[in-house]
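Summary of structural features
The lines below spell out each chain.
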Amino acid sequence: MNKTWLILKREYLIRVKKKSFIVTTLLVPLFFAALMFVPMWLATRDDKQERIIAVYDESTLFYDQLGQEGFTKYHFIEQEKFNALKSDLNDEEFYAVLYIPGNIYTVNKAELLSKKQVPIDLAEQIERKLSQVIETDKRRKVIEESQMPDLEQKLAGTKTKVSVSTLKVTETGEQKKSSSMVAFFASYLMGFIIYFFVFMYGSMVMRSVMEEKKNRIVEVIVSSVKPYQLMAGKIVGTALVGLTQVAIWIVIGVAVMGVVQNFLSPETAQQVGQSVMESQQQMGQAPAAMATEGNQMAEIMENIANLNIPLIIFGFVFYFLLGYLLYSSLLGAVGAAVDNDEDVQQMIFPITFPLILAIIMLVAISRNPEGSLAFWASIIPLTSPVCMLARLPFSPPAWEIALSMLLLLATTVGAIWAGAKIYRTGILMYGKKVTFKELAKWLTYKG
Amino acid sequence: MEFFTTQGIHKVYGSTHALNDVSITVPKGSIFGLLGPNGAGKTTLIRIINQITAPDQGEVFLEGHRMTSEDVSKIGYLPEERGLYTKMKIGEQALYLAQLKGMTRHQAMDSLKYWFKKFDITTWWDKKVEELSKGMQQKVQFITTVVHNPRLLIFDEPFSGFDPINANLIKQEILELRDKGATILFSTHNMGTVEDLCDHIALINKSRKILDGPVQEVKENYKSNIFEISYKGDFNQIQQVLDQNFSILEHKESLRENFIRIQHTDGTGNNELIRVLLGAAEIRSFREVIPSMNDVFIKAVENYNAQNAVNTK
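Residues numbered from 1 in each chain as written. Chains lettered and ligands numbered in written order. Predicted model: local features only at pLDDT ≥ 70, side-chain atom pairs only at ≥ 80, totals over all residues. Heavy atoms only, no water.

1. A look at the domain arrangement of chain B
Its domain assignment divides chain B into domain 1 (2-220) and domain 2 (224-288). Using only C-alpha atoms to locate each centre, domain 1 of chain B and domain 2 of chain B end up separated by 46 Å. (Domains from an automatic or database assignment.)

2. Comments concerning the interface of chain A and chain B
On the chain B side, the residues contacting the 24 residues of chain A number 29 residues. Around 2700 Å² of area is buried between chain A and chain B when both sides are counted, 57% of it from carbon and sulfur atoms. One can count two salt bridges joining chain A with chain B. When the shortest N-O distance is used, the salt bridge between Arg47(B) and Glu219(A) registers 2.8 Å. Viewed at the interface, chain B and chain A are joined by nine residue pairs in polar contact (both at pLDDT 80 or more). Counting only elements with at least two residues in the side of chain A that touches chain B, the list comes to helix 1 (2-16), helix 7 (180-215) and helix 8 (218-222) of chain A. Looking at which element gives the most residues to the side of chain A that touches chain B, the answer is helix 1 of chain A, with five residues. Among the residues making up the side of chain A that touches chain B, the classes are represented as eleven nonpolar, four polar and nine charged. (Contact = heavy atoms within 4.5 Å. Buried area = accessible area lost by both parts, 1.4 Å probe. Salt bridge = Lys/Arg side-chain N within 4 Å of Asp/Glu carboxyl O. Polar contact = N/O pair within 3.5 Å; in protein donor to acceptor, adjacent residues only side chain to side chain. Helix = DSSP H or I, 4+ residues; strand = E, 2+ residues; numbered from the N terminus. Nonpolar A, V, L, I, M, F, W, Y, C, P; charged D, E, K, R; others polar.)

3. Quick word on the sheet that holds strand 2 (residues 16-27) of chain B
Residues and elements named next belong to chain B. Spatially, 2-1-4-5 is the arrangement adopted by the four strands of the open sheet, whose pairing is antiparallel. Each edge of the open sheet carries a strand with a single partner, namely strand 2 and strand 5 (65-66). The sheet contact formed by strand 1 (residues 2-13) and strand 2 spans eight bridges and is antiparallel. Residue pairing for strand 2: lysine 11 is matched across the bridge by leucine 19. With respect to the sheet, helix 1 (residues 42-49) is in contact with strand 1, strand 2 and strand 4 (57-62), its orientation differing from that of strand 1 by roughly 120 degrees. (Pairing = 2+ DSSP bridges. Axes fitted to C-alpha atoms, helices over the stretch in contact; angles between N-to-C directions.)

4. Description of the side chain of Lys213(A)
Tracing the backbone through its elements, the reader meets Lys213(A) in helix 7. Classification of Lys213(A) by relative accessible area gives buried; the value is 2%. (Buried < 20%, exposed > 50% of the residue type's maximum accessible area, 1.4 Å probe, protein only.)

5. Some details on the environment of Gly36(B)
Residue and element names in this part refer to chain B. Tracing the backbone through its elements, the reader meets glycine 36 in the loop between strand 3 (31-35) and helix 1. The sequence separation of glycine 36 and lysine 206 amounts to 170 residues, and the corresponding C-alpha distance is 8.6 Å. If we skip the residues at most four places from it in the chain, glycine 36 touches Lys42, His189, Leu203, Ile204 and Phe297.

6. Considerations on the sheet that holds strand 4 (residues 96-100) of chain A
All names here are of chain A. Judged by pairing direction, the sheet is mixed, and its five strands sit side by side in the order 2-3-1-4-5 without closing on themselves. In this open sheet, the two strands that pair with only one neighbour each are strand 2 (68-69) and strand 5 (111-114). Two strands pair when backbone bridges link them, and strand 1 (residues 51-57) and strand 4 are joined in this way by five bridges, in the parallel orientation. Looking across to strand 4, one finds that tyrosine 56 is bridged to tyrosine 99.

7. As for helix 4 (residues 134-146) of chain B
Residues and elements named next belong to chain B. The terminal C-alpha atoms of helix 4, which comprises 13 residues, lie 19 Å apart, in line with the 18 Å expected from a rise of 1.5 Å per residue. Counting buried positions along helix 4 yields ten of 13 residues, so the element is predominantly enclosed. If you check which residues of helix 4 are buried, you get Gly135, Gln137, Gln138, Val140, Gln141, Phe142, Ile143, Thr144, Thr145 and Val146. (Expected span 1.5 Å × (residues − 1).)

8. Brief notes about the pattern of salt bridges
Note on pairing: side chains with opposite charge can pair once their charged atoms come close. This structure, assessed with the given rule, holds 32 salt bridges over all chains. Lys171(B) is paired through a salt bridge with Asp196(B); the nearest N and O atoms lie 3.4 Å apart. Note that Lys171(B) is positioned in helix 5 (residues 164-179) and Asp196(B) in helix 6 (residues 191-197), a separation of 25 residues in sequence. Linked by salt bridges that have partners in common, Arg10(A), Glu11(A), Arg15(A), Glu212(A) and Lys234(A) make up one network.

9. Considerations on empty space enclosed by the protein
For the structure shown, the criterion picks out two cavities of 30 Å³ or more. In this structure, the largest cavity spans a volume of roughly 110 Å³. Lining of the largest cavity is provided by 15 residues; of these, Val220(A), Tyr77(B), Leu97(B), Thr144(B) and Thr145(B) occupy positions nearest its centre. Counting residues per element, the ones that place at least two in the lining of the largest cavity are strand 6 (75-78) and helix 4 of chain B. (1 Å grid on protein atoms, 1.4 Å probe; cavity = no way out; pocket = protein on both sides within 12 Å on 5 of 7 lines; lining within 4 Å. Points joined across faces, edges and corners; volume = space filled by probe spheres on them.)

10. A word on the nonpolar core
With 151 residues, the main nonpolar core has Ile221(A), Phe4(B), Leu45(B), Leu185(B) and Ile201(B) as its most contacted residues. Aside from chain neighbours lying at most four places away, what touches Leu45(B) is Thr6(B), Ile9(B), Leu19(B), Val22(B), Ile24(B), Leu34(B) and Ile204(B). Formed by 16 residues, the second largest nonpolar core is a distinct cluster that contains Ile53(A), Tyr74(A), Tyr95(A) and Ile134(A). (Core = buried A, V, L, I, M, F, W, Y, C linked by side-chain atoms within 4.5 Å.)

11. What about the packing of helix 12 (residues 309-337) of chain A against helix 13 (residues 341-367) of chain A?
All names here are of chain A. Contact pair helix 12 / helix 13: the axes reach a minimum separation of 9 Å and the direction vectors enclose 165 degrees. By the angle between their directions, the pair helix 12 and helix 13 is classed as roughly antiparallel. At the point where helix 12 passes helix 13, the crossing takes the left-handed sense. For the pair formed by helix 12 and helix 13, the contact residues are Tyr327, Leu330, Leu331, Val334 and Ala337 on the first element and Met347, Ile348, Ile351, Thr352, Pro354 and Leu355 on the second. Its residues assigned to classes, the contact of helix 12 with helix 13 comprises ten nonpolar, one polar and no charged. (Parallel < 35°, antiparallel > 145°, perpendicular 65-115°, else oblique. Left-handed = near helix turned anticlockwise from the far one by under 90°.)

In structure tokens form, the structure reads like this:
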């Protein structure tokens, strides 16, 4: 046990001290932060540019109706000025010239002249403003003609948005709110974390085994410790490296979130919020629908609370540990069996294939967690760590969970046994290209 | 007194019988040579003694008790496929390997200081293995083998791959360790080192032990009653005194002295032979030819293979 600890310590320290570890540990969160933060920052920065738009309004419908929005100002001009600008747009005074034709009411068209390419946001803003003014005017006329002063309110009252809450009836007949959306994200995220972790750190175990074999140090080590101790130290040590990395990422992630929130002063935050609202409006959502936003948030919280949190946490830890153990012991065995990098690809494929398949099936399973694909993928042990976990937020039948866990446990025990056998024969075998038939033979060797 | 023994070791890999009923006895404080052609099973036997692999049948005893995994701390092992972590610093690495052998960090440090000083490599402590030449790495490997003061040292082909200077250094160290009370077992192809170092040998061929014992005894058993005699006198007279039990293998004459090589087929003692010859000529020198380990090795393996070929037919 003491020796396993020594090995674990070395495996851990040697990796954590590596430059590549430090670099990836720091760069990955920076990269994700940049991915989130830079577009946000750019969005707020662009808005700060002051632009004055010259408006020549032939229709005379819009005078004083455009006002100012953000950093964009509208300045109405006369025909002579418009003609002058048209022939010479170099004028530093105006960013662009908006020409509203006299017949805009019927053709619904205006022109924006500029020297530079106009940002898409600005073009959209102008389109929206013009449409609004015309729309309001048309409404006013319709109301006048109909002789019904409260028509506006009546029409507003007809706006309808139906939301369907999905309810699951439990065995005791109790109804529980469930949200497919929340469960979908939870399931996808957890499946992906397991996939990523198993893949990344499982192959780290494999490379470490290969390195020891290639360096010819392994025989010295196994003359001091049992091969299974070496393997155990390696697998647990590498897992701790992974957990350290993830822990650092979480800490950095929380810190970055804090910084971002501080950086975004109330005004800029408001602006971001405003532009989000604008874009929602553009997508056709009436302002009235905004009121339901708050309800939606509450509903999401309720849905999260309705997930079977203890089951999901237990399931995550269980599938995470066993999935990692299963794959890392198999990958460790591959590392011991092969002599060079070329052979690795060939041997590794049958092992990683189920894992890749699982991640491909993940979306389909999250969409239809009770289908037969979901059932089989979450029962078969090589895909179950990803697939059953993805189903857990949808509360699958208890017997399926039990069967999946039992099969995975049995398979993992078997894989560790077989992996250890292959490992201890493989690490001492040089210059021989192994086949799967040969590996099967190794299982019969004693000690 | 025996230090350790293996008894009736069998090891089978699939359809290959790697070791077949191999028993050896290694006396305490001896240097024991494990000989045999390539693929005979030497490395397998060494791995079994080191508890790296388990035998299918048979036992290994150390000082009378059955060997357990605790005993590996008493063994220092330098395998044939030897190496170090290339990216790890030498001192750190040596400390790690010593601790794996059951030393505390403190003990390991003391012992390593002694050995690094002895091999004059104290300045290498913080170097990475990949910065060292192969010869330098071999010194470090040797130190990691002996650092925990093992009472049994096992070297698999210690002189293959080592340059002559390091090979000689290791030879000296092996003798010194033996004098300090360690028991040493090594496998080799190099019969010269066997003559120089070994007290006892065992010869393994085609998975079986075909010969073992103290080196002198083994040689004695393989001598073929050949004598080399130089004399002053008449060759014909010598021929007359030697009866039909002798055959003359070689005969040279020169101005100063004559030389013959003879072999006798019965058990005539050396003194009696000299007495007979004294009547015929003036004897200058008389030497019984003792076979070299090389001769013994070749003869034993060839005999065994020939016998086996007959048996299997």
